[in-house]
Amino acid sequence: MLEISALNKAYQSPGRRVEAIRSITLGVGAGELVCVVGPSGCGKTTLLRCVAGLLPASGGEVRLDGVPVTGPPPRMAVVFQEYGRSLFPWMTVRQNVELPLKEKRVPAARRRELVTGSLEAVGLADAADAHPWQLSGGMQQRVAIARAVAYEPQVLLMDEPFAAVDAQTRADLEDLILRLWRDLEVTTLFVTHDIDEAVYLGQRVIVLSSSPTEVMEDLKIDLPPGRDQLTTRSLPRFGELRGHVYRQIQRARGER
Ligand SMILES: Nc1ncnc2c1ncn2[C@@H]1O[C@H](COP(=O)(O)OP(=O)(O)OP(=O)(O)O)[C@@H](O)[C@H]1O
Ligand SMILES: [Mg+2]
């Protein structure tokens, strides 16, 4: 579904050139959930922006379903790391979630159904008529997640989407993503700095090196598919995998 080949990205400004990504090659199969971890500043957000068609690559290419990505593809939803800047302050929560559905020309009755359903799923049914600035950071982030969910995307990109929520909400949202992923069979690329979260959610975990960034490891997560916060996280294999990823990231940081 998603093919990233020898992707290179350098930011160029007068007198300064930052090579954020040296070369990344990775594929995500249809309906697969792949997590990306790596040291801060290694280019995870840059990678997602290139995949989303929001940033031109300096080299290599990204293909979605065989077609080169040159701009934001339809049927792709992105939840950004900077959620504060991704909601429109003059619109209510409901209007924010509904907007992409209007652009997609979903009929009004179905729009209402999708918006209500997704706000309920993230626990914000009561906040539908509030404005984003009246909500806490974690609630705003949940609005952004609801918007992506309501859109029923074919491909979902998420950039540290749960960074601003408390541990309990985070666990709930992780399970919401797993449920959504299973129900809609949405191909998901999920960036996180949380190793446990990556191992819990992913079918594979991609470990990126520090800058100049390359794929350090593409690790298959051989945990049983029916994940559960208590059972999965207490499996001995879970501990082994998280230990392995932890050591890899330490190694990546050490090479800096
Ligand atoms: N618009 C930009 N112009 C110039 N340099 C940039 C720009 N955006 C990012 N960079 C640089 O590219 C590198 C990768 O940044 P990026 O935000 O992709 O990292 P990240 O892995 O998402 O970090 P974090 O874990 O902190 O979110 C950094 O060195 C950063 O300074
Ligand atoms: Mg980032």
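Residues numbered from 1 in each chain as written. Chains lettered and ligands numbered in written order. Predicted model: local features only at pLDDT ≥ 70, side-chain atom pairs only at ≥ 80, totals over all residues.

- Looking at an unreviewed UniProt entry, one finds the protein named ABC transporter ATP-binding protein and attributed to Nonomuraea deserti.

**Describing the overall build of the protein**
For step 1, the next point in the chain: When helices and strands are counted, the protein shows eight helices and ten strands.
For step 2, the next point in the chain: A globule of 256 residues ought to have a C-alpha radius of gyration of about 18 Å, and the protein, at 18 Å, matches this closely.
For step 3, the next point in the chain: Projected onto the principal axes, the alpha-carbon positions of the protein cover approximately 50 × 50 × 35 Å.
For step 4, the next point in the chain: By sequence separation, contacts in the protein at least 24 residues apart represent 70% of the contacts at least 6 residues apart. (Helix = DSSP H or I, 4+ residues; strand = E, 2+ residues; numbered from the N terminus. Rg over C-alpha atoms; globule rule 2.2 N^0.38 Å. Contact = placed C-beta atoms within 7 Å.)

**Regarding the domain arrangement of the protein**
For step 1, the next point in the chain: Splitting the protein by domain gives domain 1 (2-75 + 153-254) and domain 2 (84-152).
For step 2, the next point in the chain: No other element matches the five residues that helix α5 (residues 167-184) contributes to the side of domain 1 that touches domain 2.
For step 3, the next point in the chain: When its residues are assigned to classes, the side of domain 1 that touches domain 2 shows nine nonpolar, one polar and one charged. (Domains from an automatic or database assignment. Nonpolar A, V, L, I, M, F, W, Y, C, P; charged D, E, K, R; others polar.)

**So, the pairing of strand β1 (residues 2-13)**
For step 1, the next point in the chain: Bridge count for β1 against strand β2 (residues 16-28) is nine bridges, and the pairing is antiparallel. Bridging across to β2, S13 finds its partner in R16.
For step 2, the next point in the chain: In this antiparallel pair of consecutive strands, β1 and β2, the connection spans two residues, and G15 shows a positive phi of 75°.
For step 3, the next point in the chain: One ladder, built from five bridges, connects β1 with strand β4 (residues 59-64); its direction is antiparallel. Note on β4: the bridge partner recorded for L2 is L64. (Pairing = 2+ DSSP bridges.)

**Overview of the sheet that holds strand β5 (residues 67-68)**
For step 1, the next point in the chain: Here we have ten strands laid out as an open sheet, ordered β5-β4-β1-β2-β10-β9-β3-β8-β7-β6, and mixed in their pairing. Strands at the two margins of the open sheet, each flanked by one partner only, are β5 and β6 (76-79).
For step 2, the next point in the chain: Here strand β7 (residues 155-159) runs beside strand β8 (residues 187-191); their pairing, made up of five bridges, is parallel. Counterpart to V155 in the pairing with β8 is T187.

**Section: the site of ligand 1**
For step 1, the next point in the chain: Neighbouring ligand 1 are 13 residues; Y11, A20, K44, T45 and T46 lie closest to it.
For step 2, the next point in the chain: No other element matches the three residues that helix α1 (residues 44-51) contributes to the shell around ligand 1.
For step 3, the next point in the chain: Tallied by class, residues from the shell around ligand 1 come to four nonpolar, eight polar and one charged. (Near = placed C-beta within 6 Å.)

**Describing the nonpolar core**
In globular proteins that are soluble, nonpolar side chains generally tend to be buried together.
For step 1, the next point in the chain: Counting 72 residues, the largest nonpolar core has V36, V37, V51, A146, L157, V205 and V245 as its most contacted members.
For step 2, the next point in the chain: Look past the residues within four positions of V205 in its chain and what remains in contact with it is C35, V37, A198, V199, L219, I221 and V245. (Core = buried A, V, L, I, M, F, W, Y, C linked by C-beta atoms within 7 Å. Buried ≥ 20, exposed ≤ 12 C-beta atoms within 10 Å, placed from the backbone.)

**A few points about the pairing of β7**
For step 1, the next point in the chain: Burial runs high along β7: five of the five residues are buried.
For step 2, the next point in the chain: Note that β6 and β7 share four bridges and pair parallel. For V79, the partnering residue across the bridge sits in β7 and is M158.

**Quick word on the UniProt feature "domain: ABC transporter" (unreviewed entry) in the protein**
For step 1, the next point in the chain: Within this structure's numbering, the places UniProt gives as "domain: ABC transporter" (unreviewed entry) are residues 2-235.
For step 2, the next point in the chain: Helix makes up 33% of residues 2-235 and strand 28%, and the two end C-alpha atoms of the span are 31 Å apart. (UniProt positions renumbered as here; feature names shortened; annotations may be inferred.)

**A few points about helix α4 (residues 137-150)**
For step 1, the next point in the chain: For α4, built from 14 residues, the straight-helix expectation of 20 Å at 1.5 Å per residue is met to within 8% by its first-to-last C-alpha distance of 20 Å.
For step 2, the next point in the chain: With twelve of 14 residues buried, α4 lies mostly within the body of the structure.
For step 3, the next point in the chain: Those residues of α4 not exposed but buried are M139, Q140, Q141, R142, V143, A144, I145, A146, R147, A148, V149 and A150.
For step 4, the next point in the chain: On the buried face of α4, the contacting elements are β6, α2 (93-103), α3 (108-121), β7 and α5.
For step 5, the next point in the chain: One or two residues past the end of α4 sits E152, with phi positive at roughly 50°. (Expected span 1.5 Å × (residues − 1).)

**Considerations on the packing of α2 against α4**
For step 1, the next point in the chain: Relative orientation of the contacting elements α2 and α4 amounts to 30°, with a least axis distance of 9 Å. With respect to each other, α2 and α4 are oriented roughly parallel. Of the two possible hands of crossing, α2 and α4 adopt the one that is right-handed. Listed contacts from α4 to V93, N96, V97, P100 and L101 of α2 are V143, A146, R147 and A150.
For step 2, the next point in the chain: Considered class by class, the residues forming the contact of α2 with α4 number seven nonpolar, one polar and one charged. (Axes fitted to C-alpha atoms, helices over the stretch in contact; angles between N-to-C directions. Parallel < 35°, antiparallel > 145°, perpendicular 65-115°, else oblique. Left-handed = near helix turned anticlockwise from the far one by under 90°.)

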